[in-house]
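Single-letter residue listing:
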Amino acid sequence: MENLRDVKMALLGSGTVGTGVYKLVQRQKEELPYKIGANLSIKKVLVRDKNKKREGIDSSLLTDCWEDIILDDEIEIVIEVMGGIEPARTYIMEALNAGKNVVTANKDLIATHGKELLDAAEENGCDLLFEASVAGGIPIIRPLKQCLAGNHLTEVTGIVNGTTNFILTKMSEEGMEFDEALALATELGYAEADPTADIEGYDAGRKVAIMASIAFNSRVTFDDVYTEGITHISSRDIQYAKAMGCEIKLLGVARNTDTGIEVRVHPMLIPLNHPLAGVKDSFNAVFVHGDAVDDAMFYGRGAGELPTASAVMGDIIDVARDIQYHCCGRIHCTCYKNLPIKKITEIESKYFLRMLVADKPGVLARIADKLGKNNVSIAQVIQKNKINDHAELVVITDSVLEQNFADALVSIREMDTTKEISTVIRVY
Ligand code: NAP
Ligand code: HSE
């Protein structure tokens, strides 16, 4: 195709995702003019260390100077794949204020500073797209914001952390304990050197905050999300879950209820017949419920060089089309409500409670009494194993207020016949 306009871009970062984006721009070079109606090229690549060897990247594009990009009027799209809050936040703000469109994969930033960045994009008539910030290669931001915009969405529940899903899968299928499965995830490169953000649920919490804001049209930030990780889950819990026809998954749950928004990340027993229960290894999935679409699920790779670059490229192509048709800033922030966010003590759930108690007559009756006095009704007592001199009890409750369950737990813990509360896990 001849006489096409050139859309020039700058990459901020050439690590895992940046390298993937660079590769896809090269790989799609011949196709992009047909898809967009313009040529697309990377003019500069910002890095920390210009001397580092970067396989496949034209070294003449590298710069360690932000001014080379922000002051370059030819650059119309800035692709932020550096990560972290600063200087990413400042660079994105400056880019938007200079009238440049921005694509980012940065969940940490969008989950905490999303509003100010989206406001700046709107004021400047620019696009700010962030598809890759949630669930890597899985399209979910655009479906929530556009394809499902005709719905009143009431639930967005996801397995949005591949590292923890890999660990739980190994515990479930190979009987590994948490530490062994984490070591394997580290060896295979799924888990970071410091896996805290993954195993404590913070990474998933950021993604759930972003999804909830878009799905429920009301701003939710990472600070609003209750997070609980998977470090306390044992293969024993998983065996009990299986006996009940369930898997244990780290779920990011966002619900839009009549009394406010619930946003939380924690392990959950989920029945095997739920589509999320079959999501294994490092795969991600997001389950959505809307009043018109009913149930829908999005499944795929939540991280990695090319899957994440795939989402970034989709955004880049969208921006380039908007540039072509002079309609940048077409879709802005859609948080037009201000819904209350519920505390974790205000949610209702079923609970799985595993404990060690004295193996004596009347103990189970006294536990049932403590639960009953706090309005917690028992759905089933599923097992009673003997461990040394104690009995292992697993109790499943009906759906109850979390505060009531927490109060009951305090009084059960105080009983002289209670040796240990081993695990408490919510049930989907
Ligand atoms: P990464 O491999 O650590 O790469 C970061 C890149 O940014 C490096 O090239 C680094 O330069 C550059 N950089 C960092 N700080 C800089 C600064 N102050 N000035 C200039 N350059 C700087 O990170 P990544 O895994 O690609 O992740 C990038 C973003 O994508 C993050 O927001 C992450 O959350 C998000 N994301 C990643 C994945 C994934 O699978 N990795 C999935 C979804 C979303 P040097 O090379 O010189 O050090
Ligand atoms: N650490 C994340 C995961 C990938 O394990 O899913 C980046 O979002």
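Use the structure listed above.
As the structure is a computational prediction, the values presented were derived from the model and not from experiment. (Residues numbered from 1 in each chain as written. Chains lettered and ligands numbered in written order. Predicted model: local features only at pLDDT ≥ 70, side-chain atom pairs only at ≥ 80, totals over all residues. Heavy atoms only, no water.)

Draft legend 1. Spotlight on the nonpolar core. If you look at the biggest cluster of nonpolar residues, it comprises 80 residues, and the most contacted ones within it are Ile140, Leu144, Ile167 and Met211. Residue contacts for leucine 144: discarding those within four places in its chain leaves Ala149, Leu153, Val156, Met211, Ile214, Ala215 and Val288. Counting residues in each nonpolar core, the second largest holds 34 residues, with Met9, Val45, Val103 and Ala311 among its members. (Core = buried A, V, L, I, M, F, W, Y, C linked by side-chain atoms within 4.5 Å. Buried < 20%, exposed > 50% of the residue type's maximum accessible area, 1.4 Å probe, protein only. Contact = heavy atoms within 4.5 Å.)

Draft legend 2. A look at the pairing of strand β4 (residues 75-80). Buried residues dominate β4, accounting for five of its six residues. Sheet topology places strand β1 (residues 6-12) next to β4; five bridges connect them, and they run parallel. The partner of lysine 8 across the bridge, within β4, is isoleucine 75. As defined by bridge partners, β4 adjoins strand β5 (residues 101-104) across four bridges and the pair is classed as parallel. Of the residues in β5, the one forming a bridge with glutamate 80 is threonine 104. Crossover β4 to β5 through helix α4 (residues 88-97) is right-handed. (Helix = DSSP H or I, 4+ residues; strand = E, 2+ residues; numbered from the N terminus. Pairing = 2+ DSSP bridges. Right-handed = clockwise from strand over helix to strand, strands pointing away.)

Draft legend 3. Examining the site of ligand 1 more closely. Contacts to ligand 1 come from 22 residues, most closely from Ser14, Val17, Asp49, Arg54 and Gly304. One of the backbone nitrogen or oxygen atoms of serine 14 is found 2.8 Å away from an oxygen atom of ligand 1. Glycine 15 places a polar main-chain atom, nitrogen or oxygen, 3.1 Å from an oxygen atom of ligand 1. Compared with its free state, where it exposes 910 Å², ligand 1 has 79% of that area covered by protein. Classifying every residue of the shell around ligand 1 gives nine nonpolar, eight polar and five charged. (Near = heavy atom within 4 Å. Polar contact = N/O pair within 3.5 Å; in protein donor to acceptor, adjacent residues only side chain to side chain. Areas by Shrake-Rupley, 256 points an atom, 1.4 Å probe, with all protein chains shown as cover. Nonpolar A, V, L, I, M, F, W, Y, C, P; charged D, E, K, R; others polar.)

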